[in-house]
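Here is what each chain is made of, one letter per residue.
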Amino acid sequence: MHLNSRTARLGVAVAATASLLALAACGSDDQSASSTDKIGVSLITKDSTNPFFVAMQKGAKEEAAKNNVDLTVASGKADGDEQGQVQAIENAIAQGQKGILITPNGPGVNSAIKKARDAGLYVIALDTPPDPADTVDITFATDNFEAGKLIGQWTNKQLAGKPATIALLDLFNDKVVSVDYNRDQGFLTGMGIDVKDKKKNGDEEKSGQYAGGSYSIVCNEPTQGAEDGGRSAMENCLTKNSNINVVYTINEPAAIGAYNALKAAGKTSGVLIVSVDGGCAGVKSVKDGVIGATSQQYPLKMASLGVESIAKIARGGEKPKTSDGLDFFNTGVALVTDKGVDGVTSIDTTKGSSLCWG
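Sequence order sets the numbering: in each chain, residues are counted from 1 along the sequence as written. Local features in this predicted model are restricted to residues whose pLDDT is 70 or higher, and side-chain atom pairs enter the listing and the counts only when it is 80 or higher, whereas totals over whole chains, interfaces and linings include all residues. In computing side-chain values, all of the structure's heavy atoms are included and hydrogens and water are not.

Undergrad: Please explain the environment of Leu-101 as it appears in this structure.
TA: The helix and strand labels rest on DSSP assignments: H or I over at least four residues marks a helix, E over at least two residues marks a strand, and numbering proceeds from the N terminus. With respect to the helices and strands, Leu-101 occurs in strand β3 (residues 99-102). Sequence separation of Leu-101 and Thr-165 is 64 residues, and the distance between their C-alpha atoms is 39 Å. Contact definition: two residues touch when any of their heavy atoms are within 4.5 Å. Dropping the residues within four chain positions of it, Leu-101 is found in contact with Val-41, Ser-42, Leu-43, Ile-44, Ile-124, Leu-126, Ala-303, Gly-306, Val-307 and Ile-310.

Following this line, the structure appears as structure tokens:
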């Protein structure tokens with residue numbers, strides 16, 4: 001399929017906003033940096049190994065070179081390492097940098113972000129809006145609820161009324177992160193399952209009716225967003241019910257781990273695995289039939305817009321604004337699948353490969 005009209009409109013909106021940022025006039029503030037001054041900015045990702053964050057670092061470095069930005073790249077030791085991110089924030093403050101881009105590992109970094117803002121740094125969250133959203137100046141992110149909803153709608157249509165025996169492979173079970181509950185709750189909403197509190201995983205009824213038929217939820221297991229975590233989570237779910245036929249995963253590394261566990265158990269036939277990310281490896285997994293569908297997001301765009309924005313602000317330019325109706329700037333999402341269904345707009349893996357990262 002061609003790029004859908006909704007995704008195209010999002011792309012136009014992003015491009016238009018980027019152009020507005022680029023054209024923002026410099027103010028007369030005497031403390032503003034000149035165009036020849038280096039601007040210190042830190043990019044602090046959740047970890048430095050996940051292809052999503054590697055792509056984000058790549059996008060930030062490319063934009064930094066264009067905007068005369070001295071970029072410092074840091075990360076937690078692993079997804080969930082809040083203290084490692086706190087230390088990186090402290091370093092940015094001590095170095096007198098102008099801004100921070102961060103994918104927050106959890107609420108434990110909020111106080112350090114406040115300290116940075118109090119010190120005059122402009123802080124932009126990428127990918128993961130903090131809770132509350134106004135902890136940072138603005139967030140550039142995928143609409144993660146929409147990303148989850150798209151794969152839920154696709155799954156509902158693919159099942160065609162068959163009973164759904166569902167495994168939910170989430171990010172954490174020991175902390176609350178918006179990207180975690182938004183994707184999970186978006187998926188269930190897309191399936192037509194009442195989620196009750198949209199900011200809480202696991203409070204929905206464990207059995208009942210989805211939009212197409214009956215469902216049962218076997219498990220909510222944490223994966224840490226990693227392949228080995230996905231495998232162990234899937235193994236735990238299979239001990240509870242070996243007849244799982246729907247597997248929601250927080251991201252594609254977790255999806256691959258889940259697939260490997262299913263394969264080892266001889267249970268891949270008839271199982272729908274869905275995910276979120278849209279990295280090149282993930283799109284290939286969709287093409288190969290390992291993942292049925294994934295919601296593609298755009299980390300290079302998040303990072304490049306973030307670097308550009310801080311550079312403009314430091315030189316007296318205008319601050320970016322949130323997207324209409326949202327408390328963050330939406331960088332777009334598209335469903336990638338080679339098994340399109342009526343009523344759910346998607347792109348195929350050929351188009352997804354042209355837009356992927358990693």
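Undergrad: Explanation requested: the pattern of salt bridges in the structure shown.
TA: Here the idea is simple: oppositely charged side chains can pair when their charged atoms come close. Definition used for salt bridges: Asp or Glu carboxyl oxygen within 4 Å of a side-chain nitrogen of Lys or Arg. The final tally for this structure, using the stated rule, is twelve salt bridges. The partner of Arg-183 in a salt bridge is Asp-127, and the shortest N-O contact between them spans 3.7 Å. A residue pair is termed long-range when its members are at least 10 positions apart, and Arg-183 in helix α6 (residues 178-191) and Asp-127 in the loop between β4 (122-126) and β5 (138-141) qualify at 56 residues. Accessibility here uses a 1.4 Å probe with only protein chains present; expressed as a share of the type maximum, an area under 20% marks a residue as buried, one over 50% as exposed, and anything in between as partly exposed. Take Asp-127: its relative accessible area is 3%, and that puts it in the buried class.

Undergrad: Is there a simple way to think about the confidence of the model for the protein in this case?
TA: Should pLDDT be low for a region, the predicted coordinates there are not to be read in detail. Here the protein shows a mean pLDDT of 91. Residues at 70 or above account for 91%. Summary of the metric used: pLDDT quantifies the predictor's per-residue confidence within the range 0 to 100. When the criterion is pLDDT under 50, residues 1-30 qualifies, and its contacts beyond four places in sequence or with other chains add up to 47 contacts.

Undergrad: Explain the sheet that holds strand β7 (residues 207-209) here, please?
TA: Note on sheets: strands pair through backbone hydrogen bonds, and any given pair is parallel or antiparallel. Any two strands with at least two DSSP-identified bridges between them are counted as paired. Pairing is mixed in the open sheet, where seven strands are placed in the order β7-β8-β6-β9-β10-β11-β13. At either margin of the open sheet sits one strand with a lone partner, and together these are β7 and β13 (334-336). Across the sheet, the mean angle from the axis of one strand to that of its neighbour is 25 degrees, orientation sign disregarded. α6 rests against β6 (164-170), β8 (214-222), β9 (246-249) and β10 (272-277) of the sheet, and its axis sits at about 165 degrees to β6. The sheet contacts of helix α7 (residues 227-240) involve β6, β8 and β9, and relative to β8 the element is tilted by about 135 degrees. Fitted lines through C-alpha atoms give the axes, limited to the stretch in contact for helices. The angle between two N-to-C directions lies from 0 to 180 degrees.

Undergrad: What should I look at first to understand the sheet that holds β4 in this one?
TA: The parallel open sheet is built from six strands, whose spatial order is β2-β1-β3-β4-β5-β12. Each edge of the sheet is formed by a strand with only one pairing partner; in this case those strands are β2 (69-75) and β12 (329-330). Of the pairings in the sheet, the one linking β5 to β12 comprises two bridges and is parallel in character. Pairing of Ala-141 across the sheet is with Asn-330, part of β12.

Undergrad: Looking at this structure, I do not really get the nonpolar core. What am I missing?
TA: Buried together is how nonpolar side chains tend to be arranged in soluble globular proteins. What is meant by a nonpolar core is a set of buried Ala, Val, Leu, Ile, Met, Phe, Trp, Tyr and Cys residues, joined one to another through side-chain atoms within 4.5 Å. If you look at the biggest cluster of nonpolar residues, it comprises 32 residues, and the most contacted ones within it are Ala-164, Ile-166, Phe-187 and Met-191. Going through the elements one at a time, α5 (144-159), β6, α6, β8, β9 and β10 are the ones with two or more residues in this core. Residue contributions to this core peak at five residues, all from α5. Residues within four places of Ile-166 in sequence aside, it is in contact with Phe-187, Met-191, Ile-193, Tyr-215, Ser-216, Ile-217, Val-218, Cys-219 and Val-246.

Undergrad: Would you mind showing me how to read the packing of aromatic side chains here?
TA: Two aromatic rings are characterised by how far apart their centres lie and by the angle between their planes. Each pair of aromatic rings taken from Phe, Tyr and Trp, with Trp reduced to its six-membered ring, is defined by centres within 6.5 Å and is described as stacked if the planes are under 30 degrees apart, edge-to-face if over 60, and tilted in the remaining cases. Applying the stated criterion to the full structure yields four aromatic pairs. On the numbers, 5.4 Å between centres and 90 degrees between planes, the contact of Phe-52 with Phe-53 is edge-to-face. By the burial criterion, Phe-52 is buried, and Phe-53 matches it. For a Lys NZ or an Arg CZ to count as sitting over a ring, it must be within 6 Å of the ring centre and within 35 degrees of the ring normal. The cationic tip of Lys-175 hangs over the ring face of Phe-172; the distance from NZ or CZ to the ring centre is 4.6 Å. Looking at Lys-301, its charged tip hangs above the ring of Tyr-298, at a distance of 5.1 Å from the centre.

Undergrad: Can you help me understand the pairing of strand β11 (residues 293-296) in this one?
TA: On a regular strand, one side chain projects to one face of the sheet and the next to the other, so that they alternate. Because side chains alternate across β11, one face comprises the buried residues Ala-293 and Ser-295, and the other comprises Thr-294 and Gln-296, equally buried. Two elements, β10 and β11, share four bridges in a ladder whose sense is parallel. Across the sheet, the residue bridging to Val-274 is Ala-293, located in β11. Relative to β13, β11 runs antiparallel, the two being bridged by three bridges. Its bridge partner being in β13, Thr-294 is matched across the sheet by Val-336.

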